[in-house]
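# Summary of structural features
The primary structure of each chain is shown beneath.
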Amino acid sequence: ACFPLIVTDSIFPPRSARAQTEAASLGCALIGGVSAGVYPDYETAVSQAISWKETYMPQPGNIYAGQVQRYDLLYKQLQPVFQLDDTIWIRPDCPVDELAR
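Right, let's walk through the structure included here. (Residues numbered from 1 in each chain as written. Predicted model: local features only at pLDDT ≥ 70, side-chain atom pairs only at ≥ 80, totals over all residues. Heavy atoms only, no water.)

Turning our eyes to something else, we now look at the overall build of the protein. For the protein, the count of helices and strands is six helices and two strands. Relative to its 101 residues, the protein shows a buried fraction of 15%. Sequence separation of at least 24 residues holds for 68% of the intrachain contacts in the protein that already meet a minimum separation of 6. Only carbon and sulfur atoms are counted for the fraction: they give 61% of the accessible area of the protein, which is about 8,100 Å². (Helix = DSSP H or I, 4+ residues; strand = E, 2+ residues; numbered from the N terminus. Buried < 20%, exposed > 50% of the residue type's maximum accessible area, 1.4 Å probe, protein only. Contact = heavy atoms within 4.5 Å. Areas by Shrake-Rupley, 256 points an atom, 1.4 Å probe, with all protein chains shown as cover.)

Here is the structure:
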């Protein structure tokens, strides 16, 4: 349970952990259940299938606050690089669907 505590201390709001560990498989099963009429809608499916194991609260004296501030600053400073990344792989002489091959 160390990782959820680190996440909670890093981003501050309380975090709840689901009892289910395979979210993708559960999501597929719920879609199938709604499609097959087992559940009338997605809200009902989720409310009946999801259970919560534990809620993690931020710890006083957060030791990660400095790291979070550095990460936020670095992320903001890298925004021009992220935007450049969107244009780097586009070649005018090559349709986008050919780039996926």
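Between helix 2 (residues 23-35) and helix 3 (residues 42-49), the least distance of the axes is 10 Å, while the angle of their chain directions is 130 degrees. Relative to helix 3, helix 2 is oriented oblique. Note on packing geometry: the crossing formed by helix 2 with helix 3 is right-handed. Where helix 2 approaches helix 3, its residues L26, L30, I31 and V34 are matched on the opposing element by Y42, A45, V46 and A49. Looking at the contact of helix 2 with helix 3 residue by residue, the classes come out as eight nonpolar, no polar and no charged. (Axes fitted to C-alpha atoms, helices over the stretch in contact; angles between N-to-C directions. Parallel < 35°, antiparallel > 145°, perpendicular 65-115°, else oblique. Left-handed = near helix turned anticlockwise from the far one by under 90°. Nonpolar A, V, L, I, M, F, W, Y, C, P; charged D, E, K, R; others polar.)

As a further point, take helix 1 (residues 2-11). Every buried residue belonging to helix 1 is among T8, D9 and S10, and all of these are buried. Contacts from the buried residues of helix 1 go to strand 1 (15-18), strand 2 (52-56) and helix 4 (65-77).

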